[in-house]
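One-letter residues, chain by chain:
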Amino acid sequence: MSKEKFYLATAIAYTSGKPHIGNVYETILADAIARYKRNRGFDVLFQTGTDEHGQKIEEKAMEQGISPKAFTDIQAGVIRDIYDQFNISYDQFVRTTDEQHVLSVQKIFQKLYDQEDIYKGVYEGWYCVPDESFFTDAQLVDGKCPDCGRDVEKTKEETYFFNLAKYQDRLEQYYADYPDFIVPTSRKNEMLNNFIKPGLLDLSVSRSSFKWGIDVPFDKDHVIYVWIDALSNYITGLVYDADGNHSEQFKKYWPADLILIGKDIVRFHTIYWPILLMALGLEQTKQMFGHPWLLIGDGKMSKSKGNTIYPDQLASYFGVDAVRFYVLKEIPYAHDGTLTYDLMIDQINTNLANVYGNLVNRTISMTNQYKGGHVTRPTNTNDLDSALKQDTLDAISKYEAKFDEYKVADAISVVIELLRKANKYIDETTPWILAKDEAQSDRLNDVLYNLLEVINKATIMLEPIIPSSAQKYLDMLKSTMVYEELNIENVNTEYNVVEETEIIFSRIDHAKKIEEIEADTNPQINTLPLIDFDHFKQVEMVVGQVVSSRKHPDAKKLLISEVDVKTGIVQVVSGIADWQDPSEPVGKKVIVVTNLQPVKLRGVESAGMLLVAKNGKVMELLSSDLPVGSSIE
């Protein structure tokens, strides 16, 4: 019998920089849901990936003097490394620079244009570069971006528009016919009241003011904008074909059962995305879950606010599974969660070390001490045993009900409460007293077996949350139980536990850990992959003297410099024009990377890189008094 399919996707990560823990929370949540569904017997396809086009990417690449593709290759690698570190069990990782995605998006755009869903016009209004969003005067908040609060730019440019108004009535009707399409419900009400009922404005879906994007197939002056490019990944990843020649994977897994998105991008995914699917004649995504944010203190995590915490940074302090446990337990279904180091330590000490870890260690130690590490299936049951068994069955039922609604924090709390009851069961049955009476040997066997059974089942339920640690605990029990057997009483005929337990979650000395974190003078873990010495030695750096410098004719942030490196003149295009007057570098001795692969930045070739030091918004060219041509070793 074939398994029921479950296609789950996350919003794809933007490659403008390293993701913070608030960004990665979404993927951790998706991973927990995917693991749970696999445990329940579903044929799961879990897709995530990276969004790699746009003005912000182009500008970041220019600042570093490399091509946008080289920049996104690095950033996509950083993101995948973090996902791998956090045991994200994705099945597919889509990049919007993938050739297959590019071709599929161009065919989608062509199809929409041919059926007159897209038309050419002129956009005039406000644009937020960081969010890559357009706004009208009425939508601004105190003259700033309503989403991120940053400055916006007055923009006027030729663009292609997607006729959203054409589909407004159908979208409203879909909301009415499928009330659970958007969860939590509050997100749906916000979309209806703030955006749909006031009347949908046609959407700009191309840009002509920058070049880093997918070319409009019939107009090379335009690139396809994010709302068709990035959103389409949910179908292009399955090899959707606008001409109808879909892959077998697409036929099997579409429509998506769940797409996880942050609450700040609900509008794009629950208005633009369903209308795009309507225009393509495709079935709708079954459910969109607009999850809440992870706050630092009482504010949203943001690099501009200086309160960013990175996932690998947290993992270095507390461990991967402890971080997974915290963010999944402390972010409720419909409300923002809070992250502080104090709260993290409290959660680890209280739930992971005391309630869970201590229960496992005590039970295995007593099983070894009193029964040589071996207990068998009970033959008798008293009221305390029956109560614990019923508590276990109730917990399994509640856990599944909560997980099925994606209320993962509530599901975790159900398991923790069961483990608390198992600890209470120890106090009520007093196995250390039973061990002193030979006549109570059978009773002692039954008590220890019952405890191991609860630990076994609770650990299987926690596997989607803390996969690595859960497997270690299961190895200690040497159990062969699988998820399908959770509701079967005493499925194991016996338990043969390990002789010595591994302390997986240790209690943390609060004051000492906080002191350690505060003493970390460089908490920003490397944002780029580590390289070995041999690769570093391949970078050729020399002292050069700037002989000329001018602004790029087509890019206000770029400076074109000619640098004498003794063996010749190297032309370097660098993103330093915002803080460096063109005349200032002339005559200066600078440090130049001379063996970079030449690239064209806005049509001008760049064959090197100038080294700069950066502190916040302050940047300074690195210089040297050594003779021109001196090698930097």
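Keep in mind that this is a model prediction, so the values were computed, not measured.

Enquirer: Teacher, can you tell me more about unusual backbone geometry here?
Expert: Note on backbone geometry: most residues besides glycine have negative phi, and most peptide bonds are trans. Cis geometry marks the peptide bond from Val183 to Pro184; its omega dihedral reads -10°. In this fold, Pro184 is placed in the loop between β8 (182–183) and α6 (185–196). Cis rather than trans, the peptide bond between Trp254 and Pro255 has omega equal to 10°. On the secondary structure map, Pro255 appears in the loop between α9 (248–253) and β13 (258–262).

Enquirer: What am I meant to see in the pattern of salt bridges here?
Expert: When the charged atoms of two side chains with opposite charge come close together, those side chains can pair. Applying the stated rule across the entire model yields 32 salt bridges. Salt-bridge contacts for Asp243 lead to Lys107; the nearest nitrogen and oxygen are separated by 2.8 Å. Remark: Lys107 occurs in helix α4 (residues 99–114) and Asp243 occurs in the loop between α8 (233–236) and α9; sequence separation between them is 136 residues. Asp243 gets classed as exposed once you look at its relative accessible area, which sits at 58%. For Lys107, a relative accessible area of 30% translates into the label partly exposed. Between Asp117 and Lys166 there is a salt bridge, with its nearest N and O atoms 2.8 Å apart. Separated by 49 residues along the polypeptide, Asp117 in the loop between α4 and β5 (118–128) and Lys166 in the loop between β7 (153–162) and α5 (168–177) bring together distant segments of the chain. A relative accessible area of 1% places Asp117 in the buried class. The class for Lys166 is partly exposed, based on a relative accessible area of 46%.

Enquirer: So what exactly am I meant to see when it comes to the confidence of the model for the protein here?
Expert: The predicted model of the protein averages 89 in pLDDT, with 93% of residues at 70 or higher. Counting interchain partners and residues more than four positions distant, the pLDDT-below-50 stretch residues 521–528 has 15 contacts.

Enquirer: What is the right way to look at empty space enclosed by the protein in this model?
Expert: To locate leftover empty space, one rolls a probe as large as a water molecule over the atoms. Overall, the coordinates contain two cavities of 30 Å³ or more when judged by the stated rule. Each pocket or cavity is described by its volume, and for the largest cavity that value is around 50 Å³. Taken together, eleven residues form the lining of the largest cavity, with His53, Gly54, Ile224, Tyr225 and Val226 sitting closest to its centre. Counting residues per element, the ones that place at least two in the lining of the largest cavity are β12 (219–224) and α7 (226–229).

Enquirer: Whenever I open this one, helix α1 (residues 21–39) confuses me. Can you help?
Expert: Residue pairs spaced three or four apart in an α-helix point in one direction, given the helix's 3.6 residues per turn. The end-to-end C-alpha distance of α1, which contains 19 residues, comes to 26 Å, matching closely the 27 Å that a straight helix rising 1.5 Å per residue would cover. Within α1, 17 of the 19 residues are buried, which leaves the element mostly enclosed by the surrounding structure. Gly41 sits one or two residues past α1 and shows a positive phi near 95°.

Enquirer: Even after reading the chapter, I still don't get the sheet that holds strand β23 (residues 589–593), so can you show me in this structure?
Expert: Strands in a sheet are paired, the pairing made by backbone hydrogen bonds, and the direction either parallel or antiparallel. Ordered by their spatial adjacency, five strands build an open sheet running β22-β21-β20-β23-β26, and the pairing between neighbours is antiparallel. Two strands lie at the open edges of the sheet, namely β22 (569–574) and β26 (609–610), each paired on one side alone. Of the strand pairs in this sheet, strand β21 (residues 559–564) and β22 are connected by six bridges, and their pairing is antiparallel. In the strand pairing of β22, Val563 is matched with Val570.

Enquirer: Help me understand the nonpolar core in this model?
Expert: Most often, soluble globular proteins have nonpolar side chains that are buried together. With 104 residues, the main nonpolar core has Ile33, Phe318, Leu328 and Ile465 as its most contacted residues. Counting residues per element, this core draws most heavily on helix α17 (residues 441–462), at twelve residues. In contact with Leu328, not counting residues within four places along its chain, are Tyr25, Ile28, Leu29, Ala32, Val408, Ala409, Ile412 and Ile465. Counting 63 residues, the second largest nonpolar core, distinct from the first, contains Val129, Leu238, Ala242 and Phe250.

Enquirer: Is there a simple way to explain the packing of aromatic side chains in this structure?
Expert: The description of two aromatic rings rests on the distance between their centres and on the angle between their planes. Scanning the entire structure with this criterion turns up 31 aromatic pairs. Connected via pairs of aromatic rings, a cluster forms that spans Tyr7, Tyr234, Tyr240, Phe250, Trp254 and Trp273. We note Lys407 situated over the ring of Tyr333; from NZ or CZ to the ring centre the distance is 5.2 Å.

Enquirer: Help me understand the environment of Asp446, please; the structure alone is not making it clear to me.
Expert: With respect to the helices and strands, Asp446 occurs in helix α17. With relative accessibility at 6%, the residue Asp446 sits in the buried group. Between the C-alpha atom of Asp446 and that of Thr379, which follows or precedes it by 67 residues, the distance is 7.7 Å. Apart from residues no more than four positions distant in its own chain, Asp446 is found in contact with Pro378, Thr379 and Asn380.

Enquirer: How should the sheet that holds β5 be read in this particular structure?
Expert: One open sheet holds the four strands; their spatial order is β6-β5-β7-β9, and the pairing between them is antiparallel. A strand with exactly one partner marks an edge of an open sheet, and here the two such strands are β6 (133–135) and β9 (203–204). Examined bridge by bridge, β5 and β7 share ten bridges and lie antiparallel to one another. The residue bridging Glu124 from the neighbouring strand is Lys156, located in β7. Sheet strands touched by helix α10 (residues 266–280): β6, β7 and β9. Its angle to β7, the strand with the most contacts, is close to 30°.

Enquirer: How should the layout of surface pockets be read in this particular structure?
Expert: Its volume calculated, the second largest pocket comes out at about 470 Å³. When contributions to the lining of the second largest pocket are tallied by element, the ones reaching two or more residues are β5, β6, α6, β9 and α10. Top contributing element to the lining of the second largest pocket by residue count: α10, with four residues. For the lining of the second largest pocket, the per-class residue count stands at 14 nonpolar, seven polar and four charged.

Enquirer: Explanation requested: the pairing of strand β3 (residues 43–51) in the structure shown.
Expert: Each regular strand carries side chains that alternate between the two faces of the sheet. With nine of nine residues buried, β3 lies mostly within the body of the structure. Strand direction decides the pairing type here: strand β1 (residues 5–10) and β3, joined by five bridges, are parallel. Looking at the pairing, Phe6 lines up with Val44 of β3. Looking at chain direction, strand β2 (residues 13–14) and β3 are connected through two bridges and run parallel. Bridging across to β3, Tyr14 finds its partner in Asp51.

Enquirer: What is the right way to look at the side chain of Thr97 in this model?
Expert: Position of Thr97 among the secondary structure elements: in the loop between β4 (92–95) and α4. Its relative accessible area of 15% is what places Thr97 among the buried residues. Once residues lying within four places of it in the same chain are set aside, the contact partners of Thr97 are Glu52, His53, Lys69, Thr72, Val102 and Trp212.

Enquirer: Sorry if this is basic, but what is going on with helix α12 (residues 320–330) here?
Expert: Across the eleven residues that make up α12, a large majority, ten, are buried. Among all positions of α12, only Val320, Asp321, Ala322, Val323, Arg324, Phe325, Tyr326, Val327, Leu328 and Lys329 are buried.

Enquirer: Even after reading the chapter, I still don't get the packing of helix α14 (residues 383–404) against α17, so can you show me in this structure?
Expert: A pair of packed helices is captured by two measures, namely the crossing angle of their axes and the spacing between those axes. In the contact formed by α14 and α17, the axes pass within 11 Å of each other and the chain directions differ by 5°. Relative to α17, α14 is oriented roughly parallel. In contact with Asp385, Leu388, Lys389, Thr392, Ala395, Ile396 and Tyr399 of α14, α17 contributes Arg443, Asn450, Val454, Lys457 and Met461. Here the residues of the contact of α14 with α17 sort into six nonpolar, two polar and four charged.

Criteria and thresholds
Residues numbered from 1 in each chain as written. Predicted model: local features only at pLDDT ≥ 70, side-chain atom pairs only at ≥ 80, totals over all residues. Heavy atoms only, no water. Helix = DSSP H or I, 4+ residues; strand = E, 2+ residues; numbered from the N terminus. Salt bridge = Lys/Arg side-chain N within 4 Å of Asp/Glu carboxyl O. Buried < 20%, exposed > 50% of the residue type's maximum accessible area, 1.4 Å probe, protein only. pLDDT = per-residue confidence, 0-100. Contact = heavy atoms within 4.5 Å. 1 Å grid on protein atoms, 1.4 Å probe; cavity = no way out; pocket = protein on both sides within 12 Å on 5 of 7 lines; lining within 4 Å. Points joined across faces, edges and corners; volume = space filled by probe spheres on them. Expected span 1.5 Å × (residues − 1). Pairing = 2+ DSSP bridges. Core = buried A, V, L, I, M, F, W, Y, C linked by side-chain atoms within 4.5 Å. Phe/Tyr/Trp six-rings, centres within 6.5 Å; stacked < 30°, edge-to-face > 60°. Lys NZ or Arg CZ within 6 Å of the ring centre and 35° of its normal. Axes fitted to C-alpha atoms, helices over the stretch in contact; angles between N-to-C directions. Nonpolar A, V, L, I, M, F, W, Y, C, P; charged D, E, K, R; others polar. Parallel < 35°, antiparallel > 145°, perpendicular 65-115°, else oblique.

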